[in-house]
Amino acid sequence: MQPFVRVLRSASALWPFYLAVVLVSSAVAALGLVSPFILREATDTIVGHLSGGGGGGGVADAPGAESVRRVALLAFALFAAEAGASILRNVSGYLGDVMVARLRQILSTRYFAKLLALPQRYFDNQVTGTIIARLDRSIANVTQFIQSFANNFLPMLLQVVAILAITGYYYWPLAVLLALLFPLYTWLTALTSKRWQKFESEKNANVDQGNGRFAEVVGQVKVTKSFVAETRELDKFSSHYANTVDITRPQSRWWHSMDTARGVAMNLIFFGIYLILFLRTLHGFFTIGEMVMLIQMTTMARQPVTMMSWIVDSAQRAIAGSRDYFKVMDEPVEPTANAELVAATAAADVPRLSTAAHRALPVREPVIAFDHVDFSYTEGEQVLADVTFAAREGEKIALVGESGGGKSTIVNLLLGLYPITAGRLTVCGRDVTELGVEDLRASTGVVFQEPALFSGTVFENIAYGKPDATMDEVVAVAKRANAHGFISKFADGYATVIGERGLRLSGGQKQRVAVARAMLKDAPILVLDEATSALDTKAERAVQAGLDELMEGRTTIMIAHRLSTIAGVDTIITLRDGRIDEIGSPAQLATSGGIYSELLRLTASSSAADRARLKAFGFHDGQPASDDADEAEDTDKTDTGDTDI
Ligand SMILES: Nc1ncnc2c1ncn2[C@@H]1O[C@H](COP(=O)(O)OP(=O)(O)OP(=O)(O)O)[C@@H](O)[C@H]1O
Ligand SMILES: [Mg+2]
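All values derive from a computational prediction rather than experimental measurement.

**Some points on the site of ligand 1**
No. 1: Around ligand 1 sit 13 residues in total, of which Ser403, Gly404, Lys407, Thr409 and Gln449 are the nearest.
No. 2: In this structure, an oxygen atom belonging to ligand 1 sits 2.7 Å away from a main-chain N or O atom of Lys407.
No. 3: Between ligand 1 and Tyr418 there is a distance of 3.4 Å, counted from a nitrogen atom to a side-chain nitrogen or oxygen.
No. 4: Coverage of ligand 1 by the protein amounts to 64% of the 640 Å² it exposes when considered alone.
No. 5: In terms of residues, the shell around ligand 1 owes the most to one element, helix H11 (residues 407-414), which gives 3 residues.
No. 6: When the residues that make up the shell around ligand 1 are grouped by side-chain class, the tally is 3 nonpolar, 7 polar and 3 charged.

Structure (structure tokens):
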């Protein structure tokens, strides 16, 4: 029960609802208890009249006006109590609905805040669909239980307590028998549930795996289609559900045989109760009215008992759900996570959040400094070793190295996505372990290797880093990124909806939107991780012109796939096996015999072996660097108009 209480306590902003629900439920319970008493009065009045005036077994005298008035009044009172209970039950239903919607809002918002504040590492080990499936179920289980508890079970529970007291007042063995029912039933239910839950969690695991995969496949359905793997995926998916059917059989058999046992136990106890009631009435200890009242009351107690199994069951589900929920909520957040976000993960109510873009750090030298940095994603598998370099303001640095050599990893560290294992990393003269991640990340504009966009319009995507951007600003950066041309050709222009993750754009179009997005962010540090790799040579040159302008005065880290792009930088850093091999200007490295000079040689060569070697570095242009550089210069002067493919 503990995690469950924790849910209620953590949403303490809802206390007026808790209080109102308890009060209205008590009133519903009290009104429900009035009926048996009224029935008792009515029965006794009628029986009194019939037996008192009927002399000689004949027809009773016509009832007096007093009796008629009294019976009519009692009928009206019955109506009033039941109508009142109906109204109040709906008031409590309304309160319960709103309370649960609010609870759901608070719990879901907090869960999302938590996920946003968790370190990148957490997501590396999870399948997104599974995270979502789990969130759905755990929050739904918790809120559904609270709703039915508030709306149905609480009034019943209060009634049961009152009924026990009333029957105890009339004849204590009745109360004892009734009271016995609850522990017996709960015990049998708990016994049932334990095994049932084990089946259920197996089923849930299957559903989570199936749905996790489902989300993944739907998200990249093109790959599945291209490998003609639809039937395989479908088969795997349906086999998960087939498992749930196989598990349901013994689960349901177990449940229903135990339920039969419970039913029989309950009927035995009621047999005792009726026997007592009838015999004691026959012996004159109860009036007929009292018997009617007691029968109605014990029948009222029967309902919560049968509901007991359902309540215990959904309570256990809710407890399991809240456990899942708190397992995520107890994960440690990024040590330097945004304070507002961290506060939102523990807020009693949904907080008001600032939605303005965060300000970049003031530039201080050296803008970026890696100082003997070691890094590994998983312990023991070192990805970067002893990386030391610094970038001055406005310096352009190119990272060159084989695929998997750790180039993107350097970008990840620069964004504070993973903590470094050893050494020191400073950005704008400040140690990243002491900087808030929002300061750090606001200072860096990135074009990622996979240009990930969001559903929504082109405008929203470009303005993602600056939500208050005007149309003019967005159009200006789109022009510089050579994206304006293709965007204006869309029927809806900047209001075009681009589908989930930008699925409705071509690879090159996506990349240009991503470049425009980074441009608009206007951060002092710029990171381009293969920012133009999806573009053809012509489009790339046009974008490159915009990028060159953007790089002006900004500290830039560039990972590129064309020597032409690299030739213009101030410094080249080559990586070999996670270590820095060489650092120097393109001119210095061209003749040093290291990776860069090898690349120059390979690019100039036309042998197949050399081409293959070149590919390992992610390079795919064949022209010698010098030629390319000349051409790039030409395009600088050309208009960055539309070169859409
Ligand atoms: N999230 C991660 N968890 C664990 N290992 C990772 C993760 N990301 C990358 N790696 C590993 O770290 C190494 C460096 O990867 P990185 O992405 O930095 O390479 P890269 O130089 O950018 O390569 P490419 O040119 O192909 O983009 C690789 O061996 C990769 O398998
Ligand atoms: Mg990479």
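Further notes follow.
**Some words on the pairing of strand E3 (residues 396-401)**
No. 1: The element E3 is largely enclosed, with a buried count of 6 among its 6 residues.
No. 2: Along E3, one buried face is formed by Lys396, Ala398 and Val400 and the opposite face, lined by Ile397, Leu399 and Gly401, is buried too.
No. 3: Here E3 runs beside strand E8 (residues 555-559); their pairing, made up of 4 bridges, is parallel. In the strand pairing of E8, Lys396 is matched with Thr556.
No. 4: Relative to strand E9 (residues 571-576), E3 runs parallel, the two sharing 5 bridges. Counted as the bridge partner of Leu399 is Ile573 from E9.

**A look at the environment of Arg392**
No. 1: As for its position among the elements, Arg392 is in the loop between strand E2 (382-391) and E3.
No. 2: Sequence-wise, Arg392 and Ala65 are 327 residues apart; in three dimensions their C-alpha atoms are separated by 105 Å.
No. 3: In this view, Arg392 contacts Glu365, Val367 and Thr555; residues no more than four positions away in its chain are not counted.

**Considerations on the sheet that holds E2**
No. 1: Read from one edge of the open sheet, 4 strands run E2-E1-E4-E5, paired in antiparallel fashion. This sheet does not close on itself; its edge strands, each paired only once, are E2 and strand E5 (430-431).
No. 2: Pairing of strand E1 (residues 368-376) with strand E4 (residues 422-427), which is carried by 5 bridges, proceeds in the antiparallel orientation. Pairing of Asp374 across the sheet is with Ala422, part of E4.
No. 3: Across the face of the sheet, H11 comes into contact with E1, E2 and E4 while running at roughly 115 degrees to E1.

**Some words on the confidence of the model for the chain**
No. 1: When pLDDT is averaged along the chain, the result is 84; 94% of the residues meet or exceed 70.
No. 2: Between the elements of the chain, mean pLDDT differs from a low of 36, seen in helix H22 (residues 625-637), to a high of 94, seen in E1.
No. 3: Counted against residues more than four places away or in other chains, residues 54-58, with its pLDDT under 50, gives 3 contacts.
No. 4: Overall, residues 622-645 carries pLDDT values under 50, and its contacts beyond four positions in sequence, including any with other chains, amount to 36 contacts.

**Points about the packing of helix H16 (residues 507-521) against helix H17 (residues 537-551)**
No. 1: At a minimum axis distance of 11 Å, the contact between H16 and H17 shows a crossing angle of 15 degrees. Taken together, the axes of H16 and H17 lie roughly parallel to each other. The crossing of H16 and H17 is left-handed. Counted together, Arg512, Val515 and Met519 of H16 and Val543, Gly546, Leu547 and Leu550 of H17 form the full contact between these two elements.

**Notes on the coordination of the magnesium ion (ligand 2)**
No. 1: Coordination of the magnesium ion (ligand 2) by the protein comes from Ser408 (OG) and Gln449 (OE1), over a distance range of 2.0 to 2.3 Å. With Ser408 in helix H11 and Gln449 in the loop between strand E6 (444-447) and helix H13 (458-462), this residue pair connects regions lying 41 residues apart in the sequence.
No. 2: Among the residues examined, Ser408 registers a relative accessible area of 25% and is labelled partly exposed.
No. 3: Classification of Gln449 by relative accessible area gives partly exposed; the value is 35%.

**What about the nonpolar core?**
No. 1: One finds Tyr111 and Leu181 to be the most contacted residues of the largest nonpolar core, which totals 62 residues.
No. 2: Those elements that place two or more of their residues in this core are helix H1 (2-10), helix H2 (15-53), helix H3 (65-117), helix H5 (128-170), helix H6 (172-219), helix H8 (230-282) and helix H9 (288-329).
No. 3: No other element matches the 17 residues that H9 contributes to this core.
No. 4: Those residues in contact with Leu181 that sit more than four places away from it in its chain are Met266, Ile269, Phe270 and Val305.
No. 5: Judged by nonpolar contacts, the second largest core, of 49 residues, contains Ala398, Ile566, Leu589 and Tyr596.

**Examining helix H14 (residues 471-480)**
No. 1: Inspection of H14 places Val474, Val475, Val477 and Ala478 among the buried residues, and these make up the whole buried set. Relative to the axis of H14, the buried residues are bounded by an arc of 165 degrees and lie together on one face.
No. 2: Tucked into the core, H14 has its buried residues touching H13, helix H15 (484-489) and H16.

**Quick look at the sheet that holds strand E7 (residues 525-529)**
No. 1: A sheet is described by the order of its strands in space; here 6 strands give the open sequence E6-E7-E8-E3-E9-E10, paired in mixed fashion. Sheet topology places E6 and strand E10 (579-584) at the edges, where each strand pairs with a single neighbour. Adjacent strand axes in the sheet meet at a mean angle of 15 degrees, parallel and antiparallel pairs treated alike.
No. 2: Looking at chain direction, E9 and E10 are connected through 5 bridges and run antiparallel. Bridging from a neighbouring strand, Ile573 pairs with Ile583 of E10.
No. 3: Relative to E9, helix H20 (residues 595-604) is tilted by about 95 degrees, and along the sheet it contacts E3, E9 and E10.

**Looking at the pattern of salt bridges**
No. 1: Applying the stated rule across the entire model yields 15 salt bridges.
No. 2: Note that Glu200 is salt-bridged to Lys203, the shortest N-O span being 3.8 Å. With Glu200 and Lys203 both in helix H6 and 3 residues apart, this pair spans about one turn of that helix. You'll find Glu200 and Lys203 in the same group, each marked buried.
No. 3: In this structure, Glu334 and Arg441 form a salt bridge, with 2.7 Å as the shortest nitrogen-oxygen distance. Of this pair, Glu334 sits in the loop between H9 and helix H10 (339-344) while Arg441 sits in helix H12 (residues 437-442), and the two are 107 residues apart along the sequence.
No. 4: Owing to a relative accessible area of 23%, Arg441 belongs among the partly exposed residues under this scheme.

About the criteria used
Residues numbered from 1 in each chain as written. Chains lettered and ligands numbered in written order. Predicted model: local features only at pLDDT ≥ 70, side-chain atom pairs only at ≥ 80, totals over all residues. Heavy atoms only, no water. Near = heavy atom within 4 Å. Polar contact = N/O pair within 3.5 Å; in protein donor to acceptor, adjacent residues only side chain to side chain. Areas by Shrake-Rupley, 256 points an atom, 1.4 Å probe, with all protein chains shown as cover. Helix = DSSP H or I, 4+ residues; strand = E, 2+ residues; numbered from the N terminus. Nonpolar A, V, L, I, M, F, W, Y, C, P; charged D, E, K, R; others polar. Buried < 20%, exposed > 50% of the residue type's maximum accessible area, 1.4 Å probe, protein only. Pairing = 2+ DSSP bridges. Contact = heavy atoms within 4.5 Å. Axes fitted to C-alpha atoms, helices over the stretch in contact; angles between N-to-C directions. pLDDT = per-residue confidence, 0-100. Parallel < 35°, antiparallel > 145°, perpendicular 65-115°, else oblique. Left-handed = near helix turned anticlockwise from the far one by under 90°. Donors = N, O, S within 2.8 Å, 3.2 Å for Na, K, Ca; no water. Core = buried A, V, L, I, M, F, W, Y, C linked by side-chain atoms within 4.5 Å. Arc of directions from axis to C-beta. Salt bridge = Lys/Arg side-chain N within 4 Å of Asp/Glu carboxyl O.

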